[in-house]
Amino acid sequence: MGRLNVKLIIGLIMISFFLLIAVFGPIFAPYKVDELAEVKYNSTEEGRTLSAPPFPPSKEHLFGTDQWGYDILTLLLYGAKYTIFTVIIVALLRVIIGGSLGIFVALNQNSLNFPAKSAKLKINIFSGFPVFIILYFILIRINIEPVLSPLTLSAIVGTLMVILGVIGVYENVYSKTMELQKKLYITASQSLGGNKIHIAKQHILPSLKSQMYIIFMNEVIQVLHLIGQLGIFNLFFGGTFIRMDPPVFISITKEWAGLIGQFRSTIYYYQWILFFPLISYLLLLFSLYLVSQGIIQQEKVNQRKNPIL
Amino acid sequence: MSYLKFFVIQAASIILLFFLAALPLYLYNMDGRLIFQPLEIPNEIANFIIGLFTGESYFYMQGDRRRFLLSDLSSFFLSSYFYLSISLLIVIILSFILGIWFWKKSEKWVYSALGFIGIIPDFILVLLLQLLITYIYKKTGVKVLKVASLSMDDPAIFLPIFTLSILPLFYLIRTLNDKTYEVLTEDYILTAKAKGLTKRYIYLNHVISNVLPFLKADLYKIVGISLSNLFIIEYLYNTRGLTEILFEYPNNFGYQYNLVVITLLSFFVLYIVTLLTIILFIFLVERIFING
């Protein structure tokens with residue numbers, strides 16, 4: 001209707017910005033990832049005072065440094081690629097595998113047999129458990145001080161996250177395809193001799209396209225949640241190592257949710273250390289949300305009826 | 001046939017749960033190698049089940065002391081149940097008022113804002129709240145609220161319940177909003193309006209009775225969402241509850257299979273008990289307000 005879809009545009013701009021950071025982040029980084037801020041001597045009236053990390057945000061360290069003197073902006077720029085690409089790849093695989101399975105199974109079933117609403121009891125023993133619990137039990141003793149390389153570990157966790165999410169996408173796409181199959185144009189296509197591949201390509205996929213985008217964005221958001229929750233329990237994506245005396249869990253990959261998890265203990269003393277990773281994570285989430293809302297708005301059918309009261 | 005399928009699914013998920021709980025014992029890093037002994041797991045499960053009948057599985061070791069698990073568990077269970085059910089009752093009441101009564105079409109940005117807060121993960125919300133309160137404390141020296149429980153006698157109550165309510169609340173307000181919108185477009189509302197019935201009457205007798213079934217159908221999902229949030233919230237606020245046994249006890253007293261499995265099962269019991277509490281509450285409200 002000629003109106004600009006502000007949400008979609010802003011969301012896409014923000015996401016492209018995050019993608020840029022993910023690809024070129026390390027080039028823009030002001031310091032090296034393993035570079036420590038030096039202990040500084042400041043001359044004051046009483047003499048010289050020592051100032052040691054953590055340094056609050058300043059000109060040299062825009063986002064400040066953590067308690068060992070690592071520059072937080074640098075850590076974020078280095079870690080971005082792990083967060084952003086994992087989230088996108090895992091969600092993409094979930095949608096591709098779950099979606100094609102859903103369409104395939106639905107097309108091989110007679111749409112008349114599809115129950116309008118299943119009255120089955122939907123409760124089972126996993127009803128109350130968050131998804132991360134399953135990953136928690138698998139990872140708890142292999143993710144901390146890992147023997148596997150960060151890449152292998154990421155691949156394992158990524159695969160598990162794909163498997164755990166595929167079922168949801170499958171069910172969603174399956175029921176949507178079943179609904180679509182009742183449409184007259186599909187019956188027409190069938191009686192004209194269109195085979196299943198033809199129907200899937202010409203009719204189902206085009207009408208599910210925007211739905212698929214929405215599902216994809218939701219999956220991205222869910223994977224982001226999942227990584228974050230694991231990070232809270234010190235199971236950082238790509239591996240955790242422990243720095244002794246006192247024991248502190250450190251993210252090997254500097255992935256954002258991992259940074260949030262590792263800086264969680266600084267909350268009472270040095271707020272900025274936790275604040276900036278938290279804000280980056282939230283902004284990423286916000287841009288994803290904007291895009292998904294933008295698509296929904298684009299999609300919103302105009303035939304929605306108006307309320308009477 | 002469908003009953004058979006139901007039982008197969010239930011049995012499979014219980015076996016999966018038993019298997020998962022045994023993984024930390026048989027999948028681990030040692031001496032620079034990854035060790036995985038899946039064949040030992042059936043043994044462990046069998047031992048546990050035999051122990052259920054001999055009584056062995058109901059005891060666990062707390063350091064050197066051997067303690068009866070069920071009596072220790074019950075106080076943690078009650079505490080979790082307290083947080084969960086109180087916050088869910090708040091959620092149901094508020095979502096009903098906000099979702100159905102204060103329904104407004106015009107304020108789209110409110111709707112969007114609600115949507116965004118609804119997708120903020122629980123742990124981010126907790127950390128932001130904790131940051132905010134420590135910030136206020138640093139600036140003004142006023143301790144507004146307790147950020148976390150320091151000891152058992154002095155638990156943080158407001159923040160955990162607040163956080164626990166807020167996420168399902170926004171989800172529910174949005175769904176009830178959508179449903180109310182749908183119901184308000186129906187012809188019977190038009191008929192009622194044409195008959196000259198008051199707004200109040202139409203809401204009480206037509207709108208609520210048609211939106212309520214959706215709420216009931218969604219209940220199992222909402223309790224699920226809340227219970228999932230409870231894991232994170234108890235952990236981050238350090239409140240006493242079942243998650244403490246699940247995450248802290250293995251660190252302090254070694255990983256004990258029976259302890260973990262029974263705790264996981266009691267989460268399911270917690271789920272069922274909370275669900276029943278909420279259903280009972282809605283049933284009573286319906287009896288008193290709508291039929292009365």
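Bear in mind that the values here come from a model prediction, so they are computed numbers and not experimental data. (Residues numbered from 1 in each chain as written. Chains lettered and ligands numbered in written order. Predicted model: local features only at pLDDT ≥ 70, side-chain atom pairs only at ≥ 80, totals over all residues. Heavy atoms only, no water.)

*Asks:* So what's going on with the domain arrangement of chain B? Which residues, and what values?
*Replies:* Residue and element names in this part refer to chain B. Taken domain by domain, chain B comprises domain 1 (2-54) and domain 2 (69-290). In this assembly, nine residues from domain 1 lie in contact with eight residues from domain 2. Of the roughly 810 Å² buried between domain 1 and domain 2, counting both surfaces, carbon and sulfur atoms make up 84%. Together, Leu17, Ala21 and Phe48 form the three largest contributors to the area buried by domain 1 at its contact with domain 2, with a combined 56%. Along the contact surface separating domain 1 from domain 2 lie zero salt bridges. Here domain 1 and domain 2 share two residue pairs in polar contact (both at pLDDT 80 or more) between them. (Domains from an automatic or database assignment. Contact = heavy atoms within 4.5 Å. Buried area = accessible area lost by both parts, 1.4 Å probe. Salt bridge = Lys/Arg side-chain N within 4 Å of Asp/Glu carboxyl O. Polar contact = N/O pair within 3.5 Å; in protein donor to acceptor, adjacent residues only side chain to side chain.)

*Asks:* Run through the UniProt feature "transmembrane region" (unreviewed entry) in chain A, naming residues and quoting values.
*Replies:* All names here are of chain A. In the numbering used here, UniProt assigns the "transmembrane region" (unreviewed entry) feature to residues 7-29, 82-107, 119-139, 151-173, 213-237 and 269-291. A distance of 31 Å separates the end C-alpha atoms of residues 151-173, which is 100% helix and 0% strand. The span residues 213-237 is 80% helical and 0% strand by assignment, and the distance between its end C-alpha atoms comes to 26 Å. (UniProt positions renumbered as here; feature names shortened; annotations may be inferred. Helix = DSSP H or I, 4+ residues; strand = E, 2+ residues; numbered from the N terminus.)

*Asks:* Can you tell me about the packing of helix 3 (residues 131-139) of chain A against helix 6 (residues 196-232) of chain A, naming the residues and giving the values?
*Replies:* All names here are of chain A. Here helix 3 crosses helix 6 at 50°, and the two axes come no closer than 10 Å. In terms of orientation, helix 3 lies oblique with respect to helix 6. Between helix 3 and helix 6 the crossing geometry is right-handed. Here Val131, Phe132, Leu135, Tyr136 and Leu139 of helix 3 come into contact with helix 6, specifically with Leu226, Gln229 and Leu230. For the contact of helix 3 with helix 6, the class distribution of residues is seven nonpolar, one polar and no charged. (Axes fitted to C-alpha atoms, helices over the stretch in contact; angles between N-to-C directions. Parallel < 35°, antiparallel > 145°, perpendicular 65-115°, else oblique. Left-handed = near helix turned anticlockwise from the far one by under 90°. Nonpolar A, V, L, I, M, F, W, Y, C, P; charged D, E, K, R; others polar.)

*Asks:* Hey, could you go over unusual backbone geometry for me, with residue numbers and the actual values?
*Replies:* Residue and element names in this part refer to chain A. A positive phi angle, close to 65°, is found at Asn234, a residue other than glycine. Examined against the element boundaries, Asn234 turns out to sit in the loop between helix 6 and strand 3 (240-243). Judged by relative accessible area, Asn234 falls into the buried class, the value being 13%. A positive phi angle, close to 60°, is found at Lys254, a residue other than glycine. If you trace the backbone, Lys254 turns up in the loop between strand 4 (248-251) and helix 7 (256-262). (Buried < 20%, exposed > 50% of the residue type's maximum accessible area, 1.4 Å probe, protein only.)

*Asks:* Kindly report on the pattern of salt bridges, identifying the contributing residues and their values.
*Replies:* Tallying each qualifying case throughout the model produces five salt bridges over all chains. A:Glu179 is the salt-bridge partner of A:Lys182, the closest N and O atoms lying 3.6 Å from each other. Among the residues examined, A:Glu179 registers a relative accessible area of 45% and is labelled partly exposed. Between B:Arg67 and B:Asp72 there is a salt bridge, with the nearest N and O atoms lying 2.7 Å from each other.

*Asks:* I'd like a description of the packing of helix 8 (residues 271-299) of chain A against helix 5 (residues 122-140) of chain B, backed by residues and values.
*Replies:* For the pair helix 8 of chain A and helix 5 of chain B, the least separation of the axes is 11 Å and the interaxial angle reads 140°. Both helix 8 of chain A and helix 5 of chain B take part in a crossing whose hand is left-handed. Only B:Phe123, B:Ile124, B:Leu127, B:Leu128, B:Leu131, B:Thr134 and B:Lys138 of helix 5 of chain B make contact with helix 8 of chain A, whose side of the interface consists of A:Gln271, A:Leu274, A:Phe275, A:Leu278, A:Tyr281 and A:Leu282. For the contact of helix 8 of chain A with helix 5 of chain B, the residue count by class is 10 nonpolar, two polar and one charged.

*Asks:* Account for helix 5 of chain B, naming residues and giving values.
*Replies:* Its 19 residues place the ends of helix 5 of chain B 27 Å apart at the C-alpha level, agreeing with the 27 Å of an ideal helix rising 1.5 Å per residue. Along helix 5 of chain B, the residues classified as buried are B:Asp122, B:Phe123, B:Ile124, B:Leu125, B:Val126, B:Leu127, B:Leu129, B:Gln130, B:Leu131, B:Ile133 and B:Thr134. On the buried face of helix 5 of chain B, the contacting elements are helix 6, helix 7 and helix 8 of chain A together with helix 6 (158-184) and helix 8 (199-237) of chain B. Positioned one or two residues after helix 5 of chain B, B:Gly141 has a phi angle of 80°, which is positive. (Expected span 1.5 Å × (residues − 1).)

*Asks:* Could you give an account of the packing of aromatic side chains, naming the residues involved and the relevant values?
*Replies:* Tallying each qualifying case throughout the model produces 26 aromatic pairs over all chains. With centroids separated by 5.9 Å and ring planes inclined at 70°, the aromatic side chains of A:Phe129 and B:Phe267 adopt a geometry described as edge-to-face. Here A:Phe129, found in the loop between helix 2 (72-107) and helix 3, pairs with B:Phe267, found in helix 11 (residues 257-290), and the two come from separate chains. Each member of the pair, A:Phe129 as well as B:Phe267, carries the same accessibility label: buried. Plain terms: the ring middles of B:Phe82 and B:Tyr83 are 5.4 Å apart, the flat faces sit at 70° to each other, and that makes the pair edge-to-face. Cation over ring: B:Lys179 sits above B:Phe214, and NZ or CZ is 4.5 Å from the ring centre. A cation over an aromatic ring shows up here: B:Arg240 above the ring of B:Phe76, its NZ or CZ 4.1 Å from the ring centre. (Phe/Tyr/Trp six-rings, centres within 6.5 Å; stacked < 30°, edge-to-face > 60°. Lys NZ or Arg CZ within 6 Å of the ring centre and 35° of its normal.)

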